[in-house]
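A look at the structure
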Amino acid sequence: MSELSINTTQNVKINFISASVGERLGSYFIDLLIKISYVVVVLLVFFYWLHFDKLFNKLDSWSVMSILLVFYLPIMFYSITLESVFEGQTIGKKLVKIKVVKIDGYQAGFGDYLIRWFFRIIDFTLLYGLVGLIAVVTSRKSQRLGDMAAGTAVITLKNKIDISHTILEEIGDAYVPTYPLVIKLSDNDMRIIKETFQKAEAKNDHEMIYKLVAKIEKVTGIKNQSGNNNDFIRVILKDYNFYTQNM
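Predicted model only: the values in this text are computed from it and were never measured.

1. A short note on the packing of aromatic side chains
Here the structure, examined in full by the defined rule, presents nine aromatic pairs. Arranged with centres 5.4 Å apart and planes meeting at 20 degrees, the rings of Phe 77 and Trp 117 form a pair that is stacked. One end of the pair, Phe 77, is in the loop between helix H3 (61-76) and helix H4 (78-85); the other, Trp 117, is in helix H6 (residues 110-118), and 40 residues separate them in sequence. The partly exposed category is assigned to Phe 77, whose relative accessible area is 34%.

Listed below in structure tokens is the structure:
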């Protein structure tokens with residue numbers, strides 16, 4: 001288990017903890033158990049109860065292979081489908097509390113999951129998974145070959161964090177938002193904004209705060225109505241929380 005430092009486009013370092021080999025193996029075997037359970041259910045339903053095996057005797061080999069391929073598709077596309085839907089997590093990863101992220105600070109996308117999925121042939125099939133295991137153990141960022149190719153890493157979500165380390169802001173029930181256009185931003189944008197603002201405020205870096213305000217205004221079309229850059233960013237953070245928590 002090692003610390004993974006991600007440099008965002010705002011030149012802000014965000015530190016995560018790479019998922020350990022044990023966590024990744026735990027996730028893998030949970031997902032494998034789910035796949036095996038699926039196979040058992042298919043065999044019981046279609047071959048033991050519905051007797052599809054008798055139908056196969058009447059079909060040519062190509063038709064049989066086509067039907068078996070259809071049954072196999074959910075297993076084949078299990079990881080890429082769930083990682084795309086659950087933003088970097090399969091059921092196994094959710095239970096173990098690990099997640100796939102981009103090492104440049106952005107949320108991984110379908111293309112990244114596709115590359116990781118394709119490299120499973122090398123990581124997990126060759127030498128019974130030994131290739132992937134060696135890559136994770138020896139890599140500085142605990143990456144398998146698929147992660148290296150996709151520019152991703154697997155992190156643990158078990159870190160103890162408080163509200164100051166998240167995009168959440170304390171807002172009361174009577175809070176009235178100021179900037180509706182803040183919803184143009186994403187969770188990842190807000191995380192970067194908050195991290196950048198906290199570091200700049202701690203260093204009294206007015207230039208960085210000015211650039212951050214200018215970037216927010218450019219991306220969202222919002223104009224600073226407060227006259228104070230620090231107050232503007234605080235309102236932006238609270239407004240985003242207001243709208244996302246009440247949608």
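2. Here we look at the environment of Tyr 78
Mapped onto the elements, Tyr 78 comes out in helix H4. Residue Tyr 78 is classed as buried on the basis of its relative accessible area, which comes to 9%. The spatial distance from the C-alpha of Tyr 78 to the C-alpha of Ile 91 is 9.8 Å, given a sequence separation of 13 residues. Discounting chain neighbours no more than four positions away, the residues touching Tyr 78 are Asp 31, Ile 34, Lys 35, Thr 90, Ile 91 and Gly 92. Separated by 2.6 Å, the side chains of Tyr 78 and Asp 31 make a polar contact.

3. Focus on empty space enclosed by the protein
Inspection of every chain in the model, using the stated rule, returns two cavities of 30 Å³ or more. Space inside the second largest cavity adds up to approximately 30 Å³. Ser 79, Ile 80, Glu 83, Tyr 113, Arg 116, Trp 117, Arg 120 and Arg 144 together form the lining of the second largest cavity. Put simply, the parts of the chain that give the lining of the second largest cavity at least two residues each are H4 and H6. Across the lining of the second largest cavity, the residue classes break down as three nonpolar, one polar and four charged.

4. Comments concerning the pairing of strand E3 (residues 98-102)
Burial analysis of E3 places five of its five residues in the buried class, the great majority of the element. Burial along E3 is two-sided: the face carrying Ile 98, Val 100 and Lys 102 and the face carrying Lys 99 and Val 101 are both buried. Alignment of E3 against strand E4 (residues 152-156), held across five bridges, turns out to be antiparallel. Within the sheet, the bridge partner assigned to Lys 99 lies in E4 and is Ile 155.

5. Some details on helix H11 (residues 206-220)
Since there are 3.6 residues in each turn of an α-helix, residues three or four apart along the chain are aligned in direction. With 15 residues, H11 extends 21 Å between its outermost C-alpha atoms, agreeing within 8% with the 21 Å of an ideal straight helix rising 1.5 Å per residue. Taken as a whole, H11 has its buried residues at Ile 209, Leu 212, Val 213, Ile 216 and Thr 220. For H11, the angular spread of buried residues about the axis comes to 100 degrees, placing them on one side. Away from the buried face of H11 by more than 90 degrees, exposed residues Glu 207, Tyr 210 and Lys 218 are located. Trailing H11 by a residue or two, Gly 221 shows a phi angle of about 85 degrees, which is positive.

6. Here's the deal with the nonpolar core
Within the largest apolar cluster, 18 residues are counted, with the highest numbers of intra-cluster contacts made by Ile 193, Phe 232, Ile 233 and Ile 236. Those elements that provide at least two residues to this core are helix H10 (187-202), H11 and helix H12 (229-245). Top element by residues in this core is H12. It accounts for six residues. If you look at the next biggest cluster of nonpolar residues, it comprises eight residues, including Ala 19, Val 96, Ile 98 and Val 100.

7. Observations concerning the pattern of salt bridges
One pass over the full model with this rule turns up nine salt bridges. Notably, a salt bridge pairs Asp 147 with Arg 116, separated by 2.6 Å at the nearest N-O pair. Taken as a pair, Asp 147 in helix H9 (residues 145-150) and Arg 116 in helix H6 lie far apart in primary sequence, 31 residues in all. Neither residue differs from the other here; Asp 147 and Arg 116 are each classed as buried. Asp 123 is paired through a salt bridge with Arg 144; the nearest N and O atoms lie 2.5 Å apart. In this pair, Asp 123 sits in helix H7 (residues 120-125) while Arg 144 sits in the loop between helix H8 (130-138) and H9, placing the two residues 21 residues apart along the sequence.

What counts and what doesn't
Residues numbered from 1 in each chain as written. Predicted model: local features only at pLDDT ≥ 70, side-chain atom pairs only at ≥ 80, totals over all residues. Heavy atoms only, no water. Phe/Tyr/Trp six-rings, centres within 6.5 Å; stacked < 30°, edge-to-face > 60°. Helix = DSSP H or I, 4+ residues; strand = E, 2+ residues; numbered from the N terminus. Buried < 20%, exposed > 50% of the residue type's maximum accessible area, 1.4 Å probe, protein only. Contact = heavy atoms within 4.5 Å. Polar contact = N/O pair within 3.5 Å; in protein donor to acceptor, adjacent residues only side chain to side chain. 1 Å grid on protein atoms, 1.4 Å probe; cavity = no way out; pocket = protein on both sides within 12 Å on 5 of 7 lines; lining within 4 Å. Points joined across faces, edges and corners; volume = space filled by probe spheres on them. Nonpolar A, V, L, I, M, F, W, Y, C, P; charged D, E, K, R; others polar. Pairing = 2+ DSSP bridges. Expected span 1.5 Å × (residues − 1). Arc of directions from axis to C-beta. Core = buried A, V, L, I, M, F, W, Y, C linked by side-chain atoms within 4.5 Å. Salt bridge = Lys/Arg side-chain N within 4 Å of Asp/Glu carboxyl O.

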